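# An overview of the molecular structure
What follows is each chain in one-letter form.
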Amino acid sequence: MDCRDNQSPQGQVARILVDFLEVAITSIVFHKGVYPSGAFERRRYMNLVVHKAKHPELEDYIHSAVNGIFPFLEKGFVDRVAVIFFDTENIPLERYNFKLQLNQSYGSLLEEADFEFSLRSFLIKLLCPRPLPGWEITAYFRSEAQIGTSIDVNLWIPTDTKQWQQASLITPIKSMSSDPLGLQLYLEHPTLSEQKG
């Protein structure tokens, strides 16, 4: 019996979302040119050709960061997951935000094929032409994350990067809204006055 058979609908959605985020984040990092193309290999996911990190440390970082938020996603504590790109002085230049809204009262069986079809459209939209020197994965929680005695809470630490002081420019990329998940993907970057300052 598959372990997914024992999961709640929220657990099923969180598992699919974690797998999706791992592929989407890897795709963003690949297309931004942060690492040479040899650090990635081509794979198929949701009937699309995507890139998977081939370098063990890069693959482990992305996998651990995304899988570390699974219990928080399942409980509805994660507001958004962001991939932040920095310049050489560690100042954020772009932030790809995956804004999440998981319906905690959803109790029906999940139609995985329909759900995955919707997520597939997000991967098609991820085209990122300009390389940037540094990046990180950040999760933003709705409230103080507390899940029993889970050691996962200790894996997430506040970031010490300089944050944008003014409202940022937002470019919507893709959104979906259906039970049990609402998802928006948008790109944030500082205003022109902030980039010069």
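Residues numbered from 1 in each chain as written. Predicted model: local features only at pLDDT ≥ 70, side-chain atom pairs only at ≥ 80, totals over all residues. Heavy atoms only, no water.

## Notes on helix α2 (residues 56-67)
Stated precisely, the cut-off is as follows: Secondary structure follows DSSP: runs of H or I at least 4 residues long count as helices, runs of E at least 2 residues long count as strands, and numbering of each begins at the N terminus. Expected helix span is computed as 1.5 Å times (number of residues minus one). Only protein chains enter the calculation, and the probe is 1.4 Å; a residue is then buried if its accessible area is under 20% of its type maximum, exposed if over 50%, and partly exposed in between. Relevant arc is that of directions from the helix axis to the C-beta atoms, nothing else.
Taking 1.5 Å as the rise per residue, α2 with 12 residues should run 16 Å; its terminal C-alpha atoms sit 16 Å apart, in good agreement. Looking only at α2, the buried set comprises L58, I62, A65 and V66. All buried residues of α2 project into a common sector of 95° when viewed along the axis, lining one side. In α2, the exposed positions that point more than 90 degrees away from the buried face belong to P56 and E57.

## Considerations on the pairing of strand β7 (residues 181-189)
Cut-off, in case you're wondering: Note on pairing: two strands pair once DSSP finds at least 2 bridges between them.
By the criterion of burial, β7 is predominantly enclosed, with eight of the nine residues buried. Of the pairings in the sheet, the one linking strand β4 (residues 92-102) to β7 comprises eight bridges and is antiparallel in character. When the bridges of β7 are listed, F98 appears paired with L185. For strand β6 (residues 169-178) and β7, the ladder comprises nine bridges, and the chain directions are antiparallel. Each bridged residue has a counterpart across the sheet, and for T171 the counterpart in β7 is L187. Hairpin remark: β6 followed by β7, antiparallel, with two residues in the connecting loop.

## Focus: the packing of helix α1 (residues 9-32) against helix α4 (residues 112-125)
The criterion, for reference: To obtain each axis, a line is fitted to C-alpha atoms, and for helices this fit is confined to the stretch in contact; angles are then taken between N-to-C directions over 0 to 180 degrees. Any angle from 65 to 115 degrees is called roughly perpendicular, while one under 35 is roughly parallel, one over 145 is roughly antiparallel, and all others are oblique. Note: crossing handedness is left-handed where the near helix turns anticlockwise from the far helix by less than a right angle, and right-handed where it turns clockwise. Whether two residues are in contact is decided by their heavy atoms, any of which lying within 4.5 Å being enough. Residue classes follow a fixed rule: Ala, Val, Leu, Ile, Met, Phe, Trp, Tyr, Cys and Pro count as nonpolar, while Asp, Glu, Lys and Arg count as charged, and any other residue, Gly among them, counts as polar.
Two elements in contact, α1 and α4, have axes whose closest approach is 11 Å; the angle formed by their N-to-C orientations is 25°. In terms of orientation, α1 and α4 fall into the roughly parallel class. Relative to α4, the crossing made by α1 is right-handed. In this structure, α1 uses Q12, V13, I16, F20, V23 and A24 to contact α4, whose residues at the interface are E112, F115, E116, L119, F122 and L123. Of the residues assigned to the contact of α1 with α4, the class counts are nine nonpolar, one polar and two charged.

## What to know about α1
Here α1 contains 24 residues, and its C-alpha end-to-end distance of 34 Å stays within 8% of the 34 Å for a straight helix at 1.5 Å per residue. Most of α1 is tucked away, with 22 of its 24 residues classed as buried. G33, located one to two residues past α1, shows a positive phi value of around 75°.

## Let's talk about the environment of G76
Positionally, G76 belongs in the loop between α3 (70-75) and β3 (78-86). The spacing of G76 and L100 is 24 residues in sequence and 8.8 Å in space, taken between C-alpha atoms.

## A closer look at the pattern of salt bridges
For clarity, the threshold we go by: Any carboxyl oxygen of Asp or Glu within 4 Å of a side-chain nitrogen of Lys or Arg constitutes a salt bridge here.
Tallied over the entire structure, the rule returns eight salt bridges. For E94, the salt bridge goes to K32, with nearest N and O atoms at 2.6 Å. A residue pair is termed long-range when its members are at least 10 positions apart, and E94 in strand β4 and K32 in helix α1 qualify at 62 residues. A salt bridge links R80 to E188; the shortest N-O distance between them is 3.9 Å. Of this pair, R80 sits in strand β3 while E188 sits in strand β7, placing them 108 residues apart in sequence. Judged by its relative accessible area of 8%, E188 is buried. In this structure, a network of salt bridges that share partners links the residues D79, R80, R95, K99 and E188.

## Brief notes about the packing of α1 against α2
Contact geometry for α1 and α2: axes closest at 9 Å, N-to-C directions at 145°. The chirality of how α1 crosses α2 is right-handed. The residues of α2 that touch α1, namely those facing R15, V18, L21, E22, I25 and T26, are E59, I62, H63, V66 and N67.

## Quick look at unusual backbone geometry
At N47, a residue that is not glycine, the phi angle is positive and equals roughly 60°. Its place among the elements puts N47 in the loop between β1 (40-45) and β2 (48-53). Even without a glycine there, the phi angle at N90 is positive, about 65°. Looking at where N90 falls in the secondary structure, it is placed in the loop between β3 and β4.

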